[in-house]
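# A closer look at the structure
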Amino acid sequence: MKKLMLLVLSAFFGHPVFATSDAHDRVYLVVQHLSESEDFFVERVPIIGCYGPLRGPHLAQFTSEYKVNSNIGCGGKALSENINYLTCAKITSHKESPDYQSFSEITLDISNCEAKNNTQFITMVRTAAKLNFPLKNGEVKLTLVKK
């Protein structure tokens, strides 16, 4: 019996473990209003993904295109619009939190973003990061690179 138990345990612990998280969740994006005001705001949108880290889908979507399709465009024309303003940015580094539930540090290169010096834009980027990557103690350390 002991040998059987040892065999089962060695088989269980002897194989590599690949953990992924399936996400059917929501992510917060930085969006620029399409009207004349061109104000920035944070929009909550659905995501579906499968990535290693728990907040991996959120990190991947943070700077990826997010297209919205609409059939109620002006003049009855269908619209397909990328609403994620941060497609101009690039995540250059990140560090998972000690409990592996989120990210504790993220470096975001916004040097290619037209609004890189806009205070409202910077505020919305920080707000979206705080909402996407919550920590039990404190906030995510977001470093913005403007070059």
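Structure's up top.
Scope of this entry: the structure provided in the associated data block.

Each value, and the rule that gives it
Residues numbered from 1 in each chain as written. Predicted model: local features only at pLDDT ≥ 70, side-chain atom pairs only at ≥ 80, totals over all residues. Heavy atoms only, no water. Helix = DSSP H or I, 4+ residues; strand = E, 2+ residues; numbered from the N terminus. Buried < 20%, exposed > 50% of the residue type's maximum accessible area, 1.4 Å probe, protein only. Contact = heavy atoms within 4.5 Å. Areas by Shrake-Rupley, 256 points an atom, 1.4 Å probe, with all protein chains shown as cover. Pairing = 2+ DSSP bridges. Axes fitted to C-alpha atoms, helices over the stretch in contact; angles between N-to-C directions. Salt bridge = Lys/Arg side-chain N within 4 Å of Asp/Glu carboxyl O. Polar contact = N/O pair within 3.5 Å; in protein donor to acceptor, adjacent residues only side chain to side chain. Patch = residues over 30% accessible without salt bridge, like charges linked within 9 Å, V, L, I, M, F, W, Y side chains within 5 Å. Lys, Arg positive; Asp, Glu negative; His and termini not counted. Charge placed at Lys NZ, Arg CZ, Asp CG, Glu CD. Phe/Tyr/Trp six-rings, centres within 6.5 Å; stacked < 30°, edge-to-face > 60°. Disulfide = S-S within 2.5 Å.

## Let's talk about the overall build of the chain
Counting its regular elements, the chain contains three helices and seven strands. Along the chain, helices and strands appear, N-terminal first, in the series α-β-β-α-β-β-β-β-α-β. Counting over 147 residues, the chain shows a buried share of 32%. Counting only contacts in the chain whose residues sit at least 6 apart along the sequence, the fraction spanning at least 24 positions is 54%. About 10,000 Å² of surface is accessible on the chain, with carbon and sulfur atoms providing 55% of the total.

## Side note on the sheet that holds strand β7 (residues 141-145)
The strand order across the open sheet built from three strands is β5-β6-β7, with neighbouring strands paired in mixed fashion. One side of each edge strand has no neighbouring strand; the edge strands of this open sheet are β5 (90-96) and β7. Across the sheet, the mean angle separating the axes of adjacent strands is 10 degrees when strand polarity is ignored. As judged from the five bridges shared by strand β6 (residues 103-109) and β7, these two strands associate in the parallel manner. Its bridge partner lying in β7, Ile106 is registered against Leu142. Contacts between helix α3 (residues 119-132) and the sheet are confined to β6 and β7, with β7 contributing the most and set at about 145 degrees to the helix.

## Quick word on the pattern of salt bridges
Opposite charge on two side chains lets them pair, provided their charged atoms get close. This structure, assessed with the given rule, holds three salt bridges. Among the salt bridges present, the one from Asp99 reaches Lys136, with a minimum N-O distance of 3.9 Å. Of this pair, Asp99 sits in the loop between β5 and β6 while Lys136 sits in the loop between α3 and β7, and the two are 37 residues apart along the sequence. The partner of Asp109 in a salt bridge is Lys147, and the shortest N-O contact between them spans 3.8 Å. Separated by 38 residues along the polypeptide, Asp109 in strand β6 and Lys147 in the segment after β7 bring together distant segments of the chain. Its relative accessible area of 80% is what places Lys147 among the exposed residues.

## Quick notes on the side chain of Asp109
Under the relative-accessibility criterion, Asp109 is labelled buried at 12%. A polar atom in the side chain of Asp109 sits 2.6 Å from the side chain of Ser111. The contact partners of Asp109, leaving out residues within four places of it in the chain, are Cys88, Ala89, Lys90, Thr92, Val145 and Lys147.

## Brief notes about a negative patch on the surface
On the surface, a cluster of negative charge is made up of Glu36, Glu38, Asp39 and Glu114. Note that Glu36 resides in the loop between β1 (21-32) and β2 (40-51).

## Side note on the packing of aromatic side chains
Tallying each qualifying case throughout the model produces five aromatic pairs. Measuring from centroid to centroid gives 5.2 Å for Phe40 and Phe121, while their planes differ by 55 degrees, and the two rings are tilted. Here Phe121 lies in helix α3 and Phe40 lies in strand β2, a separation of 81 residues in the sequence. Relative accessible area serves as the criterion here: at 4%, Phe40 is assigned to the buried category.

## Some points on the state of the cysteines
Using the criterion set out here, one finds one disulfide in the structure. One disulfide bridge connects Cys88 with Cys113, the sulfur atoms lying 2.0 Å from each other. When the S-S torsion is 95 degrees, as for the bridge of Cys88 with Cys113, the disulfide is right-handed. Here the residue Cys88 occupies a position in the loop between β4 (79-82) and β5, and Cys113 occupies one in the loop between β6 and α3, the gap between them amounting to 25 residues. As far as the burial class goes, Cys88 and Cys113 line up, both buried.

Purely geometric stuff here, so don't read any function into it on its own.
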